[in-house]
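The lines below spell out each chain.
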Amino acid sequence: MLEAPQPQGSTSRPPWNIAIPLPSCWDQSFLTNITFLKVLLWLVLLGLFVELEFGLAYFVLSLFYWLYVGTRGPEEKKEGEKSAYSVFNPGCEAIQGTLTAEQLERELQLRPLAGR
């Protein structure tokens, strides 16, 4: 068996003909329809509870539920993802864009200059 010679300087690259499936229009519309149906159900239940004079309680409990559902648990954290609170990061490393007290003092020029 003879193998075809590889051109010099050739690096192994993935083939260009790999098709990456895009989300179909049906998948997106299905998620949109489910979300629409959930909102519609919530509005119907809100109307029902308003008639029963428990509309405010239903609304407040719904807010607490949305708050609970919208937060992520620690098991959903991605590998290498840093916390917004530096005390939970290894070495208390702050994330990019965090304003520290030392930086604020420097910017406001409250700290005396070195050598003066």
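Conventions and cut-offs
Residues numbered from 1 in each chain as written. Predicted model: local features only at pLDDT ≥ 70, side-chain atom pairs only at ≥ 80, totals over all residues. Heavy atoms only, no water. Helix = DSSP H or I, 4+ residues; strand = E, 2+ residues; numbered from the N terminus. Buried < 20%, exposed > 50% of the residue type's maximum accessible area, 1.4 Å probe, protein only. Areas by Shrake-Rupley, 256 points an atom, 1.4 Å probe, with all protein chains shown as cover. UniProt positions renumbered as here; feature names shortened; annotations may be inferred.

Visitor: Could you clarify how one ought to interpret the overall build of the protein in this entry?
Guide: Assigned secondary structure in the protein consists of three helices and zero strands. Written out in order from the N terminus, the α and β elements of the protein read α-α-α. The buried share of the protein, reckoned over its 116 residues, is 6%. When the accessible area of the protein is evaluated, it comes to approximately 11700 Å², of which 65% is carbon and sulfur surface.

Visitor: Before we go on, may I ask you to explain the UniProt feature "transmembrane region" (unreviewed entry) in the protein in this structure?
Guide: Mapped onto this numbering, the UniProt entry annotates "transmembrane region" (unreviewed entry) at residues 39-68. Here residues 39-68 runs as 90% helix and 0% strand, with 17 Å between its end C-alpha atoms.

Visitor: Would you take a moment to explain unusual backbone geometry for this structure?
Guide: Glycine aside, the phi torsion of most residues is negative, and most peptide linkages are trans. At E53, a position not held by glycine, the phi torsion is positive, near 65°. Structurally, E53 can be placed in the loop between α1 (25-51) and α2 (55-70). Even without a glycine there, the phi angle at C92 is positive, about 55°. Of note, C92 is situated in the loop between α2 and α3 (101-108).

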